[in-house]
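Architecture and fold: a report
In case you want the letters, here they are:
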Amino acid sequence: MANGQWYPAEWPDRIRALAAGTLTPVTPRRAATVMLLKNTGSGPAVHMLRRRASMAFAGGAYAYPGGGVDPRDDDHQVRWAGPTRAWWARRLGVGEAEAQAIVCAAVRETYEEAGVLLAGPAPDSVVGDTTGAGWEADRAALVARELSFAEFLDRRGLVLRSDLLGAWTRWITPEFESRRYDTWFFVAALPEGQRTRNASTEADRTVWITPGDAAARYDEGELLMMPPTIATLRQLTAYGTAAQALAAAPERDLTPVLATARLVDGEIVLSWPGHDEFTKHVPAAPTGGGGA
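A brief look at the structure comes next. (Residues numbered from 1 in each chain as written. Predicted model: local features only at pLDDT ≥ 70, side-chain atom pairs only at ≥ 80, totals over all residues. Heavy atoms only, no water.)

**Overview of the pattern of salt bridges**
Applying the stated rule across the entire model yields 17 salt bridges. Residue Arg217 is joined to Glu222 by a salt bridge in which the shortest nitrogen-to-oxygen separation is 2.9 Å. One salt-bridge network, in which partners are shared between bridges, spans Asp73, Arg108, Glu109, Glu112 and Arg145. (Salt bridge = Lys/Arg side-chain N within 4 Å of Asp/Glu carboxyl O.)

**Things to note about the nonpolar core**
Judged by nonpolar contacts, the single largest core of 41 residues is most densely connected at Leu92, Leu117, Phe152, Leu165 and Phe186. Contributions of two or more residues to this core are made by strand 1 (29–40), helix 2 (85–92), helix 3 (96–114), helix 4 (133–143), helix 5 (149–156), strand 8 (165–172) and strand 9 (181–189). The dominant element in this core, judged by the number of residues it contributes, is helix 3, at 10 residues. If sequence neighbours within four positions are ignored, Leu92 has contacts with Ala99, Ile102, Val103, Ala167, Arg170, Trp184, Phe186 and Leu254. Counting residues in each nonpolar core, the second largest holds 37 residues, with Ile15, Ala17, Ala215 and Ala242 among its members. (Core = buried A, V, L, I, M, F, W, Y, C linked by side-chain atoms within 4.5 Å. Buried < 20%, exposed > 50% of the residue type's maximum accessible area, 1.4 Å probe, protein only. Helix = DSSP H or I, 4+ residues; strand = E, 2+ residues; numbered from the N terminus. Contact = heavy atoms within 4.5 Å.)

**Some remarks on helix 4**
All of the buried residues along helix 4 are Trp135, Asp138, Arg139, Ala141 and Leu142. Projected onto a plane normal to the axis of helix 4, the buried residues spread over an arc of 160° and lie on a single side. The inward-facing, buried residues of helix 4 contact helix 3 and helix 5. (Arc of directions from axis to C-beta.)

**A short note on the sheet that holds strand 14 (residues 275–283)**
One open sheet holds the 3 strands; their spatial order is 12-13-14, and the pairing between them is antiparallel. In this open sheet, the two strands that pair with only one neighbour each are strand 12 (260–264) and strand 14. The mean inter-strand angle of the sheet, taken between neighbouring strand axes irrespective of direction, is 25°. Here strand 12 pairs with strand 13 (residues 267–272) via 5 bridges, running antiparallel. Looking at strand 13, one finds that Thr260 is bridged to Ser271. Sitting on the sheet, helix 7 (residues 227–236) touches strand 13 and strand 14, and the angle it makes with strand 14 is about 155°. (Pairing = 2+ DSSP bridges. Axes fitted to C-alpha atoms, helices over the stretch in contact; angles between N-to-C directions.)

**Section: the packing of helix 3 against helix 4**
In the contact formed by helix 3 and helix 4, the axes pass within 10 Å of each other and the chain directions differ by 120°. By the angle between their directions, the pair helix 3 and helix 4 is classed as oblique. The handedness of the crossing between helix 3 and helix 4 is left-handed. Judged by residue contacts, Arg108, Tyr111 and Glu112 of helix 3 engage Trp135, Arg139, Leu142 and Val143 from helix 4. Across the contact of helix 3 with helix 4, the residue classes break down as 4 nonpolar, no polar and 3 charged. (Parallel < 35°, antiparallel > 145°, perpendicular 65-115°, else oblique. Left-handed = near helix turned anticlockwise from the far one by under 90°. Nonpolar A, V, L, I, M, F, W, Y, C, P; charged D, E, K, R; others polar.)

**As for the sheet that holds strand 7 (residues 159–161)**
Within the open sheet, the 3 strands sit side by side as 5-7-6. Their pairing is mixed. Both outer strands of the open sheet, strand 5 (80–81) and strand 6 (119–120), are each paired with one neighbouring strand and no more. Strand direction decides the pairing type here: strand 6 and strand 7, joined by 2 bridges, are antiparallel. What sits directly across from Gly120, in strand 7, is Val159.

**Describing the pairing of strand 2 (residues 43–51)**
For strand 2, the tally of buried residues reaches 8 of 9 residues, placing the bulk of the element in the interior. Hairpin connection of strand 1 to strand 2: 2 residues between the antiparallel strands. Pairing geometry for strand 2 and strand 3 (residues 62–63), over 2 bridges, is antiparallel. Bridging across to strand 3, Arg50 finds its partner in Tyr62.

In structure tokens, the structure reads:
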């Protein structure tokens, strides 16, 4: 491949099956992911993790901390700071309960996978240190889904800091994929006093890297990424500080990006609206090859 675009070998067959009407799309699961930023002398760096090669979905690819929404966070109102749930519902294009659950997922996944917690004992504070046996036991219980994030916040007497997040973009996994997610991407700045660590069992390494460097290494085929990841990295290169990126977030378009597959002159053309660099051409009938 000329670059580091993640492209599974089974996609062509699944695309052909979808075009033929023999594949029923899986309903996408709600999810959230966070581009955690910190300022450096070369501009903001973003925290990324490399998914283990053994992972069924995007093994070996670089991504941000993220994961699925916990339905238990829909129906329990947590202590909340920042824009109201109604504001977030309008921003995300969902109901208020669903908006809370999506924001909770963003904050929870950042804690589960990076050890960074966007919450504090008061509406204008953030936890300074999340190390120690007690914190780790709670984090493990969250990962195992033995504890909901709402219950965790209540137990700790913490306020969720929704004002530390900015909704950036929304991508939906293509209809031909066997694992589908409706994912909201957020930006956040690393809180003062907190540190990231590789707390994820799904990752074999983590890095702080500037978006420009990450994009260049993707272009060289060195770093493997999914389209939403490299697309958001390219967008982040326009900002000189984490604060500038956060300030730009409220004006970002959250219209979902969903890949489409259409038949053109005997080929199936796979494209992501607004992102021409990801366009793929797949033979309309199998040719014996495993990819495109």
